[in-house]
Amino acid sequence: MNRETLLSQVAELVKTKLKPLVDEIDRNGLYPEDFMRELGAIGGFGAVGTEVEGGNGLGLATQIAVLREVGKECGATSFSAWCQAACAWYLHQTPNQAVKDKYLADILQGKVLAGTGMSNTVKHLAGIEKHNLQAERVDGGYKVNGALPWVSNIGEDHIWANTAQIGDGYVMFITGGQWEGVTLQACPEFCALEGTRTFSLNFKDVFIPDEDVIAAPEQFSDYIASIKSGFILLQIGIGAGVIDGSLGIIRIANVVNAEVNSYLDDSYDSLKAALDEAWQTTERLADLAWNNTPDNLATLKLRAAAAELTLAAAQSAALHAGAKGYLMRSPAQRRVREAMFVAIVTPALKHLRKEIAALEAA
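The protein is annotated in an unreviewed UniProt entry as Acyl-CoA dehydrogenase domain protein of Neisseria macacae ATCC 33926.

See the structure below:
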């Protein structure tokens, strides 16, 4: 398996298995479970794991490119795939071999579907909100209580990563829908991304054995630093895919209306040039993160710029399409809603700017 072969296979799977479902995913909240499992079977989550771990070892940059291929057709499914890839990334980076051996290969291969319940933790560490899960040490592990408002790509048969606060520290671990004391509740309806299996979670005296711990309290500070850049960079794959889809809408609109569309602020060429430049930076920073030498400030700035570019591209696609882009069946209005999500998913644009300002002031 090499990068070109993998991306070619992903593109074909997206075309044949995902594209026909996009409207059903967007309008009716269909969760494309079969596609997710097939994506895993062909290696679509395997780039963030080594061959020894059960992956293909192609690296973080390749994994981001896979998410981009998915996002070209469906931003929601690209986000679900991001959740899976992020959970795999956490396990690839864990210092604890037992939890890696127990879960990573199955996630990399799509045999087990997985989410990432880290939004609250990431915002808490940035000083934005309190930590919602609390843990106490018990014999053989930890007991966890609390609630989280939204966690995606999860279900009764799924697993996911969470962090709980314990005193002045934190413990990160794997849990799942069948764990005793875990309850999944439906969320209010979103304007998009309904087909991502997003639930609110309640933890009532949930026991986490030591073998399911990704990072113990004494490991957490170094560990969170090791995953942060990759966690953020993987999201750029979602945005890049939404931009690609928006560029496709612009190209079609220009077949008939190129002359009048030339008066719009953002053209196909200017947006494509900005995407190409951002993609080169993404691949460079991804290689740094994959080799455990991340550039966090540059990553935050790139992620913020990617959110802004995704918003601009989607809006431009709608404006290029004109009245046709305002129809409910038009992909242009879906891309606008997907782009909004890229800008508000944790770390949101305002969150990114807060962290950038803090680092630049330090």
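### Section: the pattern of salt bridges
Within this structure, the stated rule accounts for 18 salt bridges. The partner of Glu-38 in a salt bridge is Lys-17, with the nearest N and O atoms 2.9 Å apart. Placement of Glu-38 in helix 3 (residues 33–41) and of Lys-17 in helix 1 (residues 3–18) is noted, with a sequence separation of 21 residues between them. We classify Lys-17 as partly exposed; its relative accessible area is 37%. Via salt bridges that share partners, Lys-102, Glu-211 and Asp-212 belong to a single interconnected network.

### Side note on the packing of aromatic side chains
By the definition in use, this model includes six aromatic pairs. Look at Trp-82 and Phe-231: their rings are 5.4 Å apart centre to centre, the planes differ by 65 degrees, and that puts the pair in the edge-to-face class. Of this pair, Trp-82 sits in helix 5 (residues 75–93) while Phe-231 is found in helix 8 (residues 217–261), placing the two residues 149 residues apart along the sequence. Judged on exposure class, the residue Trp-82 and its partner Phe-231 are both buried.

### Re the packing of helix 5 against helix 8
One can describe the packing of helix 5 onto helix 8 by two numbers: an axis separation of 9 Å at closest approach and a directional angle of 160 degrees. The angle between helix 5 and helix 8 falls in the class roughly antiparallel. Classified by chirality, the crossing of helix 8 by helix 5 is right-handed. The residues of helix 8 that touch helix 5, namely those facing Gly-75, Ser-78, Phe-79, Trp-82, Ala-85, Ala-86, Trp-89, Tyr-90, Leu-91 and Gln-93, are Tyr-223, Ser-226, Ile-227, Gly-230, Phe-231, Leu-234, Gln-235, Gly-237, Ile-238 and Val-242. Grouping the constituent residues of the contact of helix 5 with helix 8 by class yields 13 nonpolar, seven polar and no charged.

What counts, and at which threshold
- Residues numbered from 1 in each chain as written.
- Predicted model: local features only at pLDDT ≥ 70, side-chain atom pairs only at ≥ 80, totals over all residues.
- Heavy atoms only, no water.
- Salt bridge = Lys/Arg side-chain N within 4 Å of Asp/Glu carboxyl O.
- Helix = DSSP H or I, 4+ residues; strand = E, 2+ residues; numbered from the N terminus.
- Buried < 20%, exposed > 50% of the residue type's maximum accessible area, 1.4 Å probe, protein only.
- Phe/Tyr/Trp six-rings, centres within 6.5 Å; stacked < 30°, edge-to-face > 60°.
- Axes fitted to C-alpha atoms, helices over the stretch in contact; angles between N-to-C directions.
- Parallel < 35°, antiparallel > 145°, perpendicular 65-115°, else oblique.
- Left-handed = near helix turned anticlockwise from the far one by under 90°.
- Contact = heavy atoms within 4.5 Å.
- Nonpolar A, V, L, I, M, F, W, Y, C, P; charged D, E, K, R; others polar.

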